Amino acid sequence: MRICFVSRRYFPAISGMSVYAQNLLRRLVAGGHDVTMIAQYRGDAFGVSVYGGGPPPPVDGVRVIGREQLGEQDGGDFERDVADLVATIRSEHARAPFDVLHAQYGYPTGYAVLLASRELGVPCVTSIQGGDGHWVGSCCRTHETAMRRVLDCGGPVLIGGDSFRTEVSERLGIARERFTIVPGAVDTERFHPLAGRAPGALAPVPVLLYHGRVDRRKGVLDFIAALGMLATRHSFRAIVSGIGPDVQATRDAIAEAGLEDRVEMRGYVAYDDVSAVYREGDIFVSPTYAEGFSNTILEAMASGLPTVSCRSVGVVDCLRDDENALLTEAGDRAALASALERLLTDGALRERLASTALMECRRTYSWFAVAALILDAYRDAIALGVPSREPFEPIAIEACRFRATPHLL
């Protein structure tokens, strides 16, 4: 099968999308498929500081094409980047025809793939990511129209879990049956407990780990506030690993709480080094407000760490309170501090939660199983064909918050 995979964000940008794409590409190549990846990237200093960025690196067995998000960088002109992606797909298809197009993220990449699908007569698949459901479509009629077209008019639509499917379905008025659940997955050979250390074990000075996008929507500021509540009662160290739009706000919160000697801001961590960061931690903390499906939570589970998170969309599809994690309400900083205190003081609880999560991760979230589901979606798309090749009417362009702050999309 000849596959064109179009990614909104790939390495050197650090995000769940990058991790997901890398593992999928490896499975597709191992299966003998001919894969081209067209990857968007930020090349400006600001975008690189928020995500990491620059042209995508080579991937063994994959033809890699990087396209800088010049429109996004120039006032949030997503339409310019959509046109660029369509032209790139068209050019690559003329060089050697594709059997299927797969977009990672519904907008702008999914819309570009839908337009290319209708123009070229090539079936398409779209993977809906967190930002698609939580924010895009609620920002303006331009993006709402584009997302509705992606969800209504294309091929199979993949989504990470039932809670996220419910949110997107209700937000955009799309039937739940339109979505196929394909959960996240984790490389359990890369992410595993520290050798000789039992799941849930605690170091003499426990390490509380936050790894991921440093973004208040991921709960990083709630994490720092909870640490401030614990500081007078417990000895601990904390690591905040990653970059994002709220790095400075996090530094300010650490200083305000008087935690400079306890909290390390690790900054950008290359993906090859991330597994070692998990093995430095004793308890993983992800107080996120919403997810599509959290790669970092799966990585923590696979690394044998007990986890504290929230009863949030995307999280509740893989974590259950007091069974394989502790869950609080998003934004409840006192409850977060209380949950962390329980794990710091209850060794049996830590061991039970971490062991249960580790076993579930190995059993349910392997890339071998998830890649098979995605290949099934490709075959379904090819069998369905292209529902229509009629061009869409142009969409009226409206101002919205993502044009002003496109790095938040």
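Residues numbered from 1 in each chain as written. Predicted model: local features only at pLDDT ≥ 70, side-chain atom pairs only at ≥ 80, totals over all residues. Heavy atoms only, no water.

**Overview of the side chain of Ser309**
- Looking at the element boundaries, Ser309 is found in strand S12 (residues 307-310).
- A residue is classified by how much of its surface remains accessible, and Ser309, at 0% relative accessible area, is buried.
- Among residues more than four places away in sequence, those in contact with Ser309 are Ser286, Thr288, Ile297, Val315, Leu319, Leu326, Leu327 and Thr328. (Helix = DSSP H or I, 4+ residues; strand = E, 2+ residues; numbered from the N terminus. Buried < 20%, exposed > 50% of the residue type's maximum accessible area, 1.4 Å probe, protein only. Contact = heavy atoms within 4.5 Å.)

**Things to note about empty space enclosed by the protein**
- Tallied over the entire structure, the rule returns 4 cavities of 30 Å³ or more.
- Within this model, the largest cavity holds a volume of roughly 840 Å³.
- Together, 46 residues line the largest cavity, and Ser15, Gly16, Met17, Lys218 and Glu291 are the ones closest to its centre.
- When residues of the lining of the largest cavity are traced back to their parent elements, those giving at least two are helix H1 (16-30), helix H2 (45-51), helix H6 (130-134), strand S6 (157-159), strand S8 (207-211), helix H11 (271-280), strand S11 (283-286) and helix H12 (295-302).
- Taken together, the residues that form the lining of the largest cavity break down as 22 nonpolar, 17 polar and 7 charged. (1 Å grid on protein atoms, 1.4 Å probe; cavity = no way out; pocket = protein on both sides within 12 Å on 5 of 7 lines; lining within 4 Å. Points joined across faces, edges and corners; volume = space filled by probe spheres on them. Nonpolar A, V, L, I, M, F, W, Y, C, P; charged D, E, K, R; others polar.)

**Brief notes about the environment of Leu375**
- Mapped onto the elements of the fold, Leu375 is located in helix H15 (residues 367-384).
- The exposure class assigned to Leu375 is buried, which follows from its relative accessible area of 15%.
- With 51 residues separating them in the primary sequence, Leu375 and Asn324 have C-alpha atoms 30 Å apart.
- Those residues in contact with Leu375 that sit more than four places away from it in its chain are Leu28 and His33.

**Digging into the layout of surface pockets**
- Approximately 290 Å³ is the volume attributed to the largest pocket.
- As for the largest pocket, its lining consists of 19 residues, of which Tyr111, Leu115, Arg149, Pro394 and Ile395 are closest to the centre.
- Elements with a minimum of two residues in the lining of the largest pocket: helix H4 (78-95), helix H5 (106-120) and helix H7 (141-153).
- It is H5 that contributes the most residues to the lining of the largest pocket, 5 residues altogether.
- The class makeup of the residues in the lining of the largest pocket is 11 nonpolar, 1 polar and 7 charged.
- Estimated volume of the second largest pocket: approximately 240 Å³.
- If you trace the second largest pocket, you find it lined by Asn23, Arg26, Arg27, Ala30, Val186, Asp187, Thr188, Glu189, Ser366, Trp367 and Phe368.
- The element contributing the most residues to the lining of the second largest pocket is H1, with 4 residues.
- Here the lining of the second largest pocket is composed, by residue class, of 4 nonpolar, 3 polar and 4 charged.

**So, the sheet that holds strand S3 (residues 62-68)**
- Taken together, the 7 strands give an open sheet; going across it, the order is S3-S2-S1-S4-S5-S6-S7, and neighbouring strands pair in parallel fashion. Unpaired on one side and paired on the other, S3 and strand S7 (179-181) mark the two borders of the sheet. Averaged over all neighbouring strand pairs, the angle between strand axes comes to 20°, with direction disregarded.
- Direction of pairing for S6 relative to S7: parallel, over a ladder of 3 bridges. Opposite Val157, over in S7, you have Phe179 as the bridge partner.
- Lying on the sheet, H15 is in contact with strand S1 (2-7), strand S4 (100-104), strand S5 (124-127) and S6; it crosses S4 at an angle near 130°. (Pairing = 2+ DSSP bridges. Axes fitted to C-alpha atoms, helices over the stretch in contact; angles between N-to-C directions.)

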